[in-house]
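Each chain, letter by letter, is given below.
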Amino acid sequence: MITIIRKELADYFTSIRVFILFLLVFLASAAGLYASYQGIRGIEPGTGFVFLRLFTSSGEVIPSLVTFIALFVPIIGIALGFDAINSERSSGTLSRILSQPVYRDNVINAKFLAGIVTLSIMMAATILIVSGFGLRMIGVPPTTEEIIRLFLYLVLTIVYGAFWMGLAILFSVLFRRIATSLLSSLALWLFFGFFYVNLIVPAIAKTTETFLLLQRFSPNTLFQEATTVLLLPEWRGAGILTAGEEIAYMLLNPLSLGQSMLIIWPQLTSLISLTAVCFAISYVLFMRQEIRPT
Amino acid sequence: MDGKIVIETKELTKNYDGVTVVDRLNLHIREKEIFGLLGPNGAGKTTTILMLLGLTEPASGSAWVFGYSPTREPLKVKRLAGYLPENVGFYNNLTARENLMFIAELNNISRAEANRRIGELLEIVGIGEVANLTVGKFSRGMKQRLGIADALIKNPKVAFLDEPTAGLDPEGINQTLDLIANLPQMGTTVVLSSHQLYQVQRVCHSIGILSKGKTVIEGSLDQLGREALAGGNYRIEVETAQPNPQLIDIVNKLPGVRKVEAEGNLLLINADSDLRAEIAKAVVQSNTPLIQMKIQEFSLDDIYMKYFKED
Ligand SMILES: Nc1ncnc2c1ncn2[C@@H]1O[C@H](COP(=O)(O)OP(=O)(O)O)[C@@H](O)[C@H]1O
Ligand SMILES: [Mg+2]
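Reading guide: rules and limits
- Residues numbered from 1 in each chain as written.
- Chains lettered and ligands numbered in written order.
- Predicted model: local features only at pLDDT ≥ 70, side-chain atom pairs only at ≥ 80, totals over all residues.
- Heavy atoms only, no water.
- Near = heavy atom within 4 Å.
- Polar contact = N/O pair within 3.5 Å; in protein donor to acceptor, adjacent residues only side chain to side chain.
- Areas by Shrake-Rupley, 256 points an atom, 1.4 Å probe, with all protein chains shown as cover.
- Helix = DSSP H or I, 4+ residues; strand = E, 2+ residues; numbered from the N terminus.
- Nonpolar A, V, L, I, M, F, W, Y, C, P; charged D, E, K, R; others polar.
- Axes fitted to C-alpha atoms, helices over the stretch in contact; angles between N-to-C directions.
- Parallel < 35°, antiparallel > 145°, perpendicular 65-115°, else oblique.
- Left-handed = near helix turned anticlockwise from the far one by under 90°.
- Contact = heavy atoms within 4.5 Å.
- Buried area = accessible area lost by both parts, 1.4 Å probe.
- Salt bridge = Lys/Arg side-chain N within 4 Å of Asp/Glu carboxyl O.
- Donors = N, O, S within 2.8 Å, 3.2 Å for Na, K, Ca; no water.
- Buried < 20%, exposed > 50% of the residue type's maximum accessible area, 1.4 Å probe, protein only.
- Pairing = 2+ DSSP bridges.
- Domains from an automatic or database assignment.

Side note on the site of ligand 1
- As a structural note, the neighbourhood of ligand 1 is formed by A:Arg292, B:Tyr16, B:Asp17, B:Val21, B:Pro40, B:Asn41, B:Gly42, B:Ala43, B:Gly44, B:Lys45, B:Thr46 and B:Thr47.
- Residue neighbours of ligand 1 fall on chains A and B, so the site bridges chains.
- Between ligand 1 and the protein, one listed contact pairs an oxygen atom with a backbone N or O atom of B:Lys45 at 2.8 Å.
- Here an oxygen atom of ligand 1 and a side-chain polar atom of B:Thr46 are 2.6 Å apart.
- Compared with its free state, where it exposes 560 Å², ligand 1 has 70% of that area covered by protein.
- Take the shell around ligand 1: its biggest share by element is 3 residues, from helix α1 (residues 45–52) of chain B.
- Residues of the shell around ligand 1, tallied by class, amount to 4 nonpolar, 5 polar and 3 charged.

Quick notes on the packing of helix α4 (residues 111–124) of chain B against helix α5 (residues 140–152) of chain B
Residue and element names in this part refer to chain B.
- Two elements in contact, α4 and α5, have axes separated by 9 Å at closest approach and are oriented at 140 degrees. Classified by the interaxial angle, the pair formed by α4 and α5 is oblique. Seen from above, α4 lies across α5 with right-handed handedness. In contact with Arg117, Leu121 and Leu122 of α4, α5 contributes Leu146, Ala149 and Leu152.
- Here the contact of α4 with α5 is composed, by residue class, of 5 nonpolar, no polar and 1 charged.

Notes on the interface of chain A and chain B
- Counting residues at the interface gives 22 residues for chain A, matched by 28 residues for chain B.
- Of the roughly 2300 Å² buried where chain A meets chain B, counting both sides, 58% is carbon and sulfur surface.
- Put simply, A:Arg96 and B:Asp150 hold a salt bridge, and the shortest N to O gap is 2.8 Å.
- Counting across the chain A and chain B interface gives 12 residue pairs in polar contact (both at pLDDT 80 or more).

Notes on the coordination of the magnesium ion (ligand 2)
Residues and elements named next belong to chain B.
- Taken together, the protein donors to the magnesium ion (ligand 2) comprise Thr46 (OG1) and Glu86 (OE), at separations of 2.0 to 2.4 Å. You can see Thr46 sitting in helix α1 and its partner Glu86 sitting in the loop between β5 (81–84) and α3 (96–106), a full 40 residues away along the chain.
- Judged by relative accessible area, which is 11%, Thr46 ranks as buried.

Considering the sheet that holds strand β9 (residues 214–220) of chain B
Residue and element names in this part refer to chain B.
- Sheet architecture is open: 6 strands sit in the order β5-β6-β7-β3-β8-β9, paired in mixed fashion. Only two strands of the sheet have a single partner each, and these edge strands are β5 and β9. Adjacent strand axes in the sheet meet at a mean angle of 15 degrees, parallel and antiparallel pairs treated alike.
- As paired strands, strand β8 (residues 206–211) and β9 are joined by 6 bridges and run antiparallel to one another. What sits directly across from Ser206, in β9, is Ser220.
- In the packing of α1 onto the sheet, the strands contacted are β3 (34–38), β5, β6 (158–162), β7 (189–194) and β8, and the crossing angle to β6 comes to about 150 degrees.

Details of the domain arrangement of chain B
- According to the domain assignment, chain B consists of domain 1 (5–225) and domain 2 (232–295).
- Centre-to-centre separation of domain 1 of chain B and domain 2 of chain B, based on C-alpha positions: 44 Å.

Laid out in structure tokens, this is it:
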């Protein structure tokens, strides 16, 4: 299995696709930093979590870094997984690998793990780079709590990315054609990112409670809620912080780290279990599937 | 060929969507022989190979490969079996050498040993000079050759080659067949599938002909020919300068001769065994000039046609 993971990682880090993703991530980080450069000047020093504001302040037009991250993490996840199995099947390499003395599940496990490693490296790099530049920009070092919150946020993005990757891998097992699996993943991403929360839920929800409940069926909502709680502990709105909402609404007694963790626990576990479900279905399907390319 | 039977199937059956594509197959393959699975497209050759490798589950029946069951102990079978799939594919972004190295690593072959074998095999299959070229730049035929090297990298006890000559030019076909013919000397049993009669005939010791998932016939090539066409007899043709009625009598009385027919200058003799020596002696003793004598060789065409005429 180590052999396969190593090969997958080597593939990722030599592929143009991953290079483009890295580029995308750096551009987004740069834009996000610029946004916080614009936005952060309004904050009085010494109040609240200044360092975290690097990630959450938005500029006049440019959305905040977390908005960017919420946008591109699913794309990265999908890009890492959408052709994991079906490309090997159609190129005829799958039958060659599976005729070697390796367990069939090692192949899919290795792909998943290699994807998560790549994802983790990307996200950790982003957060470190932004923190580094941000530190020079604002000159205020992060507190221990801020570091812990950022670390939790990193874990959260990795889990979120892993969910989309798991979904994309599931489609790559399900559909023989690469275009089909890519389009299905993107369609689902659009659905949850836009149609579900903005059109469908408002249409069927009668009360605010059902509205909030239904919203939480979207992994995007889960991620955004958890992000808000982790990085904007002052924010008490039940829902999501969207770009442009003003800091003026914030309460002055922020959530403690423990409280934050307690609040995001359900979101985090839901995301993890969604990922696990996607992976489990891919796994079962893959284990029973015919491997011939036809 | 009378090595012990190392691959065996018993009533092996596979269904796809309710259609039986391999139907109660019984095969017996001996050690260090080249066994040809022959049959038209869609006969179930690939499916049979996949079942023997444990890559697909049979619906019923059983198979044994060197004492292991591909269904229950697939890893043990895969450790000793090399496989060239139909439409073999490689990682296009890796070189030929890297592709083989990956497979070698999956088989826990040490790096030094793998490097040695890869160099050797790429030379043998005739693509040594492009070892460090990415496979994306390979032609179909080069990939096919790489596929054969790939199947042999683990020094397999048995190599399953699914249409090994597909996509090759005539020269490539010859080289590949020669290569395959040499495998038993290196201790490898070969199971190849093909619909190319003359290729199978050239290298195989035994064959099994499949049609619509059923074995039509199975056995060693020379034995099959006699059974199929001469009812189990040897057919010996004797050409003499002059037909001689006495000679027919004499030959007829030789022990083991079943039937003698005269056809112009030819005597067609059906016998239980190879009686050429005895017949030659009889001909010479009867003072008839002997021009030539041959024992009929059965071409696979004859066998194949006999069984597929009906279709
Ligand atoms: N995955 C599949 N689903 C349904 N039918 C299949 C599948 N794979 C093969 N078949 C059918 O099984 C039969 C045997 O196929 P195959 O073993 O590939 O034949 P051959 O290799 O002798 O050409 C064919 O009729 C083919 O259509
Ligand atoms: Mg076939």
